[in-house]
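# Per-entry structural report
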Amino acid sequence: MVAVPEAPGKVRLVSEQALPPSSVLGGPEAVPCCPGERARVSKGEGGPAAAARWTKLPAAVTLSPRAVCAVFLLAAASVLAAPAAPAPAPAPATPAADEATTYKQLELFARVLSYVQNNYVEKVDDKQLIYGAIKGMLDTLDPHTVFMPPDVFKEMKIDTSGEFGGLGLDIAKKGDVLVVVTPVDDTPAARAGVRAGDEILAIDGESTRSMDVARAAAKMRGPAGKRVTLTLMREGFVQPQDITILRDHVRIVSAEGTLYGAIGYVKLKNFQERTDAYLKRELDRLRTLNGGHELRALVLDLRNNPGGLLDQAVAVSDRFLPGKLTIVTTRGRGAHHVTEEKSHDRDTEKPYPMVVLVNGGCASAAEIVAGALQDHTRALIVGTPTFGKGSVQTVIELEDGSGLKLTIARYFTPKGRSIQELGIQPDVVVPDTRDGTATRMPREKDLRHHLHNDGAPDVRSPRVLSAKDWEVTSTLQDDQLRLALNYLHDTLPNLPGATAAAKPGVAPNPPPGGNALVPAVRRTP
């Protein structure tokens, strides 16, 4: 809330969402804060343009942060100096009464702050007190609304570009416990034996019970070559075990692929600034490997893709859809700020058959792509139900270098299905058994304070795919991928088979126990 003068001697409180973003950022110009878009003073990032509308107030009524603090301090002084007043008679709730109630709560906050500053047994750090208060406030909201101090916010900004030292883990908070959503393939964590579902009880000896995800990620990141000790608990352990992992360079590469016969396979790791460009480059590379001919079919692997930038999810979906089709709709509180993203005719891939692989680690932007291709019957969705993160966050960089990630809307598929809590249900359910057992992953519905979905679940009739084994995939132990490739091979006439094996980069016989490619790193600590 921001204090705004209304009349001499009076102050009313206005939600920051009603202020122009420049008031939030403290910058000279308004910066769009759109669904999926990070608000920055210097540069916008991600998200479709004009995805949210902000009501601007006259500049003359906007107080600076220093003036707001002065108002709070004056309120605190008046509260501390004035005798207790008798409680007023109950009155009907009105907007003015709601504002008055909020202001009283701010007076209470100022009173407590004053007591702590003046009477606590040791000298306190005022900044840490305020940061702690903000974190506590946001902790009552959904798990994706968080406050990030400057050091944590700086680390978060690396998620969508660049290279950093880290472990290669996707993590989430389940109740008071920090859990591994998935270790990224071919990263230090995966090589050290960390598994999906592992509970991280401590990082370098510090308990994670009161640690938020952003801070935990920051602690696991750092210079390559340095060691990080994780205290893990998993099903089957008698007691927690320490595992020491050597950080390595984690390079954010969104897309990598290979060719099976004339069928392309592309794995998208996350949705960062250049994901669509990486995808186009991989598809062109696979066409070159295919002798310059068009791909006969494509498997798009979104498994364990934690999401990322909304505009990249829209661009990837657009690449496979003809023009003027709805890709995703976002709706804010009370159905306000409704935005609909549509496809375009330019740069659309040929309408070759597609299978999209999904699992419980597929979230957010990845779910948008799966939902759009499913609703428009552009691809067959194969795997297990997705994570179910159907909420939109805007990230605002504050003037002291800290950041606020705020949930402002929900995602809906082209047919109006809310992704939140329910996720995307595959057309064909195939357990993820790459490690020999069905992988158990936490879902959005397992997270504390998650937003609930009042919509009806997406109930689909069970569908079974039957496909003959293909020599190109005979040694592939990834059941989902093998079934998808065999199915596409069976349904397409005159597909070349193992003859493509001699081409560089083509993997007709991938090594046992894994995919034909080595997945790169996603947006992770």
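Residues numbered from 1 in each chain as written. Predicted model: local features only at pLDDT ≥ 70, side-chain atom pairs only at ≥ 80, totals over all residues. Heavy atoms only, no water.

### Quick notes on the pairing of strand β16 (residues 326–331)
- Within β16, five of the six residues are buried, leaving the element largely enclosed by the surrounding structure.
- Across four bridges, the pairing between β16 and strand β17 (residues 339–342) is antiparallel. Of the residues in β17, the one forming a bridge with T326 is K342.
- Across three bridges, the pairing between β16 and strand β21 (residues 403–412) is antiparallel. Its bridge partner being in β21, T330 is matched across the sheet by Y411. (Buried < 20%, exposed > 50% of the residue type's maximum accessible area, 1.4 Å probe, protein only. Helix = DSSP H or I, 4+ residues; strand = E, 2+ residues; numbered from the N terminus. Pairing = 2+ DSSP bridges.)

### Details of the pairing of strand β19 (residues 380–383)
- Neither face of β19 is exposed, since L380 and V382 on one face and I381 and G383 on the opposite face are all buried.
- Bridging between strand β18 (residues 354–358) and β19 involves four bridges; their strand directions are parallel. Of the residues in β19, the one forming a bridge with V358 is G383.
- Read as a crossover between parallel neighbours, the route from β18 over helix α10 (residues 365–375) to β19 is right-handed.
- Note: β19 against strand β22 (residues 428–429), two bridges, orientation parallel. Counterpart to V382 in the pairing with β22 is V428. (Right-handed = clockwise from strand over helix to strand, strands pointing away.)

### Some thoughts on the confidence of the model for the protein chain
- On average, residues of the protein chain carry a pLDDT of 76, and 72% of them reach 70 or more.
- Ranking the helices and strands of the protein chain by mean pLDDT puts strand β15 (residues 297–301) first, with 98, and helix α1 (residues 21–25) last, with 28.
- A low-confidence stretch, residues 1–68 stays under pLDDT 50, and its non-local contacts, those more than four residues away or across chains, total 135 contacts. (pLDDT = per-residue confidence, 0-100. Contact = heavy atoms within 4.5 Å.)

### Thoughts on the sheet that holds β22
- What the six strands build is an open sheet, ordered β13-β14-β15-β18-β19-β22; its pairing is mixed. Looking at strand neighbours, the two that pair on one side only are β13 (255–260) and β22, the edges of this open sheet.
- Across the face of the sheet, α10 comes into contact with β15, β18 and β19 while running at roughly 145° to β18.
- Where helix α11 (residues 479–491) meets the sheet, it contacts β13, β14 (263–268), β15, β18 and β19, and its direction lies at approximately 170° from that of β18. (Axes fitted to C-alpha atoms, helices over the stretch in contact; angles between N-to-C directions.)

### Here's the deal with the packing of aromatic side chains
- Enumeration over the complete set of coordinates arrives at two aromatic pairs.
- Their ring planes at 90° and their centres at 6.3 Å tell us that Y260 and Y265 sit as a pair that is edge-to-face.
- In this structure, R331 is placed above the aromatic ring of F412, and the distance from its NZ or CZ to the ring centre is 4.0 Å. (Phe/Tyr/Trp six-rings, centres within 6.5 Å; stacked < 30°, edge-to-face > 60°. Lys NZ or Arg CZ within 6 Å of the ring centre and 35° of its normal.)

### Description of the pattern of salt bridges
- Taken as a whole and assessed by the stated rule, the structure comprises 20 salt bridges.
- With a shortest N-O distance of 2.7 Å, R234 and D198 are connected by a salt bridge. You can see R234 sitting in the loop between β10 (227–233) and β11 (241–246) and its partner D198 sitting in the loop between α6 (188–191) and β8 (199–203), a full 36 residues away along the chain. Like D198, R234 is buried.
- Among the salt bridges present, the one from D479 reaches R482, with a minimum N-O distance of 3.0 Å. Here D479 and its partner R482 are both found in helix α11, three residues apart, which amounts to about one turn of the helix.
- Residue D479 is classed as partly exposed on the basis of its relative accessible area, which comes to 28%.
- Several salt bridges converge on common partners, so that one network encompasses K280, D284, R287, E294 and E349. (Salt bridge = Lys/Arg side-chain N within 4 Å of Asp/Glu carboxyl O.)

### Things to note about the packing of helix α9 (residues 310–320) against α10
- Where α9 meets α10, the closest approach of the two axes is 9 Å, and the angle between their N-to-C directions is 25°. If you check the angle between α9 and α10, you find them roughly parallel. Considering the relative orientation of α9 and α10, their crossing is right-handed. Between α9 and α10, the contacting residues are L310, A313, V316, S317 and F320 on the first element and A365, I368, V369, A372 and L373 on the second. (Parallel < 35°, antiparallel > 145°, perpendicular 65-115°, else oblique. Left-handed = near helix turned anticlockwise from the far one by under 90°.)

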